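# Descriptive structure summary
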Amino acid sequence: MSDFLTEFHAAAEAYGLSLTEEQFQQFDRYATLLLEWNTRMNLTALTEPRDVAVKHMIDSLSAYDAQLFAGQPTVIDVGTGAGFPGLPLKIFAPHIHLTLMDSLAKRVSFLEAVVQELGLDGVRCIHARAEEAARDKAHRERYDLVVSRAVARLPVLLEYTLPFVKKGGHLLALKGRAWEEELADSKRSLKLLGGTVRETRPVRLPGLDDQRAVLVIEKTAPTPKAYPRKAGTPAKKPL
């Protein structure tokens, strides 16, 4: 058993997750590919087996909600980077229809390689900026769930992500220790973009005392056509 798999087994048990042997092997292969490709391009600063197991894989799975992931929801991971949280969620809940979106072509090539190597069905990898893709009819307000992790502060993230969510769908934002402050700064963005906070779920990862949370935001009204603004504007001038 690899060092990663040993750590991941322990972390999954500590977090209360039940996985099949096939899923454990898929996570192991994913971790191996991540570290192999990381020698050629910048995918992650975390390379120790325990860090990859807990801070990438288990952290991504903290977004899982049995009720929201029931059926066969359409899910998009905006700014997915090396595939977090989308790919761990797909391995854990293979019934979802997943779109992985990133603005860097090299990262999309990595994602395509992982999807093929792991034999994952119902996954598409897209090279696009969120500000542009969210104006495309093929993506705008088409998804049941949007997931996002380590992309931007919440007021900016809302403009990147809420346009993708269909009315009645949800954004699952994985946030760090400043989540309460970010939420307080997002009242105007939520109102403008059609989002309503439904749940703030604190997260404790195995062996870590840092503060994290999953913010569950329902799309309760259509996002006005003016949003998202052109590339670069949301980050420079948050709502």
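The structure we're discussing is the one just above.
The sections below set out a description of the structure shown in this document. In this text the structure is predicted, and so the values were computed from the model without any measurement.

Working note: non-glycine residues mostly have negative phi, and peptide bonds are mostly trans. In the segment running from F84 into P85, the intervening peptide bond is cis, with an omega of 5°. Assignment of secondary structure puts P85 in the loop between β1 (74-78) and α4 (86-92). Of note, the phi angle at E141 is positive, near 50°, even though the residue is not glycine. Along the polypeptide, E141 turns up in the loop between α6 (130-133) and β4 (143-149).

The next subject is the environment of M1. Inspection of the secondary structure puts M1 in the segment before α1 (3-15). For the pair formed by M1 and V115, sequence separation is 114 residues and the distance between their alpha carbons is 22 Å. Excluding residues within four positions of it along the chain, M1 makes contact with T6 and H9.

Turning to its location among the elements, T20 is positioned in the loop between α1 and α2 (21-38). The exposure class of T20 is partly exposed, given its relative accessible area of 41%. Considered as a pair, T20 and F92 are 72 residues apart in the sequence and their alpha carbons are 9.1 Å apart.

Viewed as axis vectors pointing N to C, α1 and helix α3 (residues 49-61) meet at an angle of 45°, and their least axial separation amounts to 8 Å. With respect to each other, α1 and α3 are oriented oblique. Of the two elements, α1 crosses α3, and the hand of that crossing is right-handed. Mapping the contact onto sequence places D3, F4, E7, F8, A11, A12 and Y15 in α1 and P49, R50, V52, A53, V54, M57 and I58 in α3. Looking at the contact of α1 with α3 residue by residue, the class counts come to eleven nonpolar, no polar and three charged.

Parameters and conventions
- Position labels on residues start from 1 in each chain and follow its written sequence.
- Only residues with pLDDT of 70 or above have their local features reported here, since the model is predicted, and side-chain atom pairs are shown and tallied only from 80 upward, although totals for entire chains, interfaces and linings are computed over all residues.
- Hydrogens and water are ignored here; the side-chain numbers use all heavy atoms of the structure.
- The numbering of helices and of strands both runs from the N terminus, where a helix is a DSSP run of H or I of at least 4 residues and a strand a run of E of at least 2.
- Two residues form a contact once any of their heavy atoms are found within 4.5 Å.
- Relative accessibility thresholds used throughout: buried, under 20% of the residue-type maximum; exposed, over 50%; partly exposed, between the two (1.4 Å probe, protein chains only).
- In this analysis, axes come from line fits to C-alpha atoms, helices being fitted only over the stretch in contact, and the angle between any two N-to-C directions falls in the range 0 to 180 degrees.
- Orientation categories follow fixed angle ranges, with anything under 35 degrees roughly parallel, anything over 145 roughly antiparallel, 65 to 115 roughly perpendicular, and all other angles oblique.
- By convention, the crossing between two helices is left-handed when the near helix turns anticlockwise from the far helix through less than a right angle, and right-handed when the turn is clockwise.
- As a working rule, the residues Ala, Val, Leu, Ile, Met, Phe, Trp, Tyr, Cys and Pro are called nonpolar, Asp, Glu, Lys and Arg charged, and the rest polar, with Gly in that last group.

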